[in-house]
Amino acid sequence: MKFVMTQAVCPEGMKMLEGTADVYVANNQDPNNYLDEMNEADALIVRIAKCDGHAIENSPNLKVIGRTGVGYDAVDVKTATAHGIPVVITPGANNRSVAEHAVAMMFALSKNLVEAQQEMCAGNWEIRGAKKAFELEGKTMGILGLGAIGRETAKICKGCGMKIAAFDPFMSREQIENYGAEYYADYVELLKNSDVVSIHVPLTDETRNMIAKEQLVQMKKTALIINCSRGGIINEADLVEALKEGVIAGAGTDVFCSEPPKTDDPLLNCPNLIVSPHSAAQTREAVIKMAQMCVRGCLAVASGKKWPFVADKTVYDHPKWDGAEWEEV
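The notes below deal with the structure included here. (Residues numbered from 1 in each chain as written. Predicted model: local features only at pLDDT ≥ 70, side-chain atom pairs only at ≥ 80, totals over all residues. Heavy atoms only, no water.)

Next up on the list: the overall build of the chain. The secondary structure content of the chain amounts to 12 helices and 12 strands. Taken over the C-alpha trace, the chain has a radius of gyration of 21 Å; the compact-globule value for 329 residues is 20 Å, and the two agree within 12%. Projected onto its principal axes, the C-alpha positions of the chain cover 65 × 50 × 35 Å. Taking all contacts inside the chain whose residues are at least 6 apart in sequence as the whole, residues at least 24 apart take part in 57%. Positive and negative charge centroids in the chain, built from 33 and 44 side chains respectively, lie 5 Å apart. (Helix = DSSP H or I, 4+ residues; strand = E, 2+ residues; numbered from the N terminus. Rg over C-alpha atoms; globule rule 2.2 N^0.38 Å. Contact = heavy atoms within 4.5 Å. Lys, Arg positive; Asp, Glu negative; His and termini not counted. Charge placed at Lys NZ, Arg CZ, Asp CG, Glu CD.)

Following this line, the structure appears as structure tokens:
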């Protein structure tokens, strides 16, 4: 069995393949650049990289694609599914890590920590009187997407004494209220009434640019917005404009339309913004859990077993999966 990886997973994940599979680590984000290796690959593990239809269609032995995370917008799932190739994902492995990162950004912004440190180190002690810091207790945290990460974020914020509001088109009012959140059928109404907004939705055709100028101007001037989901959900040019013109008070983003962004990217050079290099899921604990879950799923699929945690379960309707058994989880 042969595994190809765009980048190596952590040692704990690599150890699971010892004596089981030959492993080729490309250290290259595009499998099209090493199709000679893909020609014999049973499995491809994609980290911060992409896998398009051309790479899939030119990998004749490929049985499974693994993603160490829950987002799969960088993989052509439609083409993979058409070929009966499951795209393994790792839901749950990074829930706490991403939630804590979003909350950390919220705290840093609400206390103006980044600007305060930069200005103080430059000799400006008077930054202490900037009047940008505020308390979070009693404020409303609006969550877009009340999936596992959104719920974990809500749990932490609730523990801080915040009110929780949520929008999730895949949940009923009863489900959202059962999680202790105020239900919103219209996410723009949530934006209007929230003091902090945290985004936890996948990047799809429906969510691309769901936060743009039209929506940002509906928010409170004192509001913060945080994106630890995917670049492209917030229109970056509109966010830059909103921050420069004081339409909202601040923003935090762990994700970008182009990764890594160039140093002259306007988003990296605007006020009241905290950024991190798509690292919300990169805690020691989450990295191990994601790698091990991904490798285990890929091994199961490559061995002919159905694995439940895949991007599109209709892949198992493909004739090649007729009669296949499910792997025990």
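Bringing helix α5 (residues 95–110) into the picture now. Because an α-helix packs 3.6 residues into every turn, residues spaced three or four apart end up facing the same way. Taking 1.5 Å of rise per residue, 16 residues should cover 22 Å, and α5 covers 23 Å from first to last C-alpha, within 8% of that figure. Of all the 16 residues making up α5, 12 are buried; the element is thus mostly covered by neighbouring parts of the structure. Those residues of α5 lying buried are Asn95, Ser97, Val98, Ala99, His101, Ala102, Val103, Met105, Met106, Ala108, Leu109 and Ser110. Asn112 occupies a position one or two residues after α5 and carries a positive phi of about 55°. (Expected span 1.5 Å × (residues − 1). Buried < 20%, exposed > 50% of the residue type's maximum accessible area, 1.4 Å probe, protein only.)

To continue, consider the nonpolar core. Met106, Met141, Val196 and Ile226 are the most contacted members of the largest nonpolar core, which has 34 residues in total. For this core, the secondary structure elements donating two or more residues are α5, β6 (140–144), α7 (148–159), β7 (163–167), β10 (224–227) and α12 (284–302). Ignoring sequence-local partners within four residues, the contact set of Met141 consists of Met106, Cys157, Met162, Lys163, Ile164, Ala165, Ser194, Val196, Val197 and Ser198. One finds Ala165, Met210, Ala251 and Phe256 within the second-largest nonpolar core, a separate group that totals 31 residues. (Core = buried A, V, L, I, M, F, W, Y, C linked by side-chain atoms within 4.5 Å.)

For the rest of this paragraph, the subject is the environment of Tyr72. Locating Tyr72 in the fold gives a position in the loop between β4 (64–67) and α4 (77–82). A residue is classified by how much of its surface remains accessible, and Tyr72, at 33% relative accessible area, is partly exposed. As a C-alpha pair, Tyr72 and Ala102 span 30 residues in sequence and 20 Å in three-dimensional space. Those residues in contact with Tyr72 that lie beyond four places of it in its chain are Arg67, Val77, Ile89, Arg230 and Ala311.

Residues Ala43 and Ile45 point to one face of strand β3 (residues 43–46) and Leu44 and Val46 to the other, with burial holding for every one of them. Where strand β1 (residues 2–5) meets β3, three bridges bridge the pair, whose relative direction is parallel. The partner of Phe3 across the bridge, within β3, is Ala43. Alignment of β3 against β4, held across four bridges, turns out to be parallel. Its bridge partner being in β4, Val46 is matched across the sheet by Arg67. (Pairing = 2+ DSSP bridges.)

Let's shift gears to the packing of aromatic side chains. All told, the structure shown has five aromatic pairs when counted by the stated rule. Ring geometry for Tyr316 versus Trp321: centroids 5.2 Å apart, planes at 85°, classification edge-to-face. With relative accessibility at 6%, the residue Trp321 sits in the buried group. Aromatic ring contacts, followed pair by pair, group Tyr316, Trp321 and Trp326 into a single cluster. (Phe/Tyr/Trp six-rings, centres within 6.5 Å; stacked < 30°, edge-to-face > 60°.)

Reading across from one edge, β8-β7-β6-β9-β10-β11-β12 is the order of the seven strands in this open sheet, with parallel pairing throughout. Two strands close off the open sheet at either side, each with one partner strand: β8 (182–183) and β12 (273–275). Note that β10 and strand β11 (residues 250–253) share four bridges and pair parallel. Bridge pairing in β11 links Ile225 to Ala251.

Across the interface, α5 lies against α7 with an axial gap of 8 Å and an inter-helix angle of 50°. For the element pair α5 / α7, the angle class is oblique. Taken as a pair, α5 and α7 cross one another with a handedness that is right-handed. Contact residues: α5 offers Asn95, Arg96, Val98, Ala99, Glu100, Val103 and Met106, while α7 offers Ala148, Ile149, Glu152, Thr153, Lys155, Ile156 and Cys157. (Axes fitted to C-alpha atoms, helices over the stretch in contact; angles between N-to-C directions. Parallel < 35°, antiparallel > 145°, perpendicular 65-115°, else oblique. Left-handed = near helix turned anticlockwise from the far one by under 90°.)

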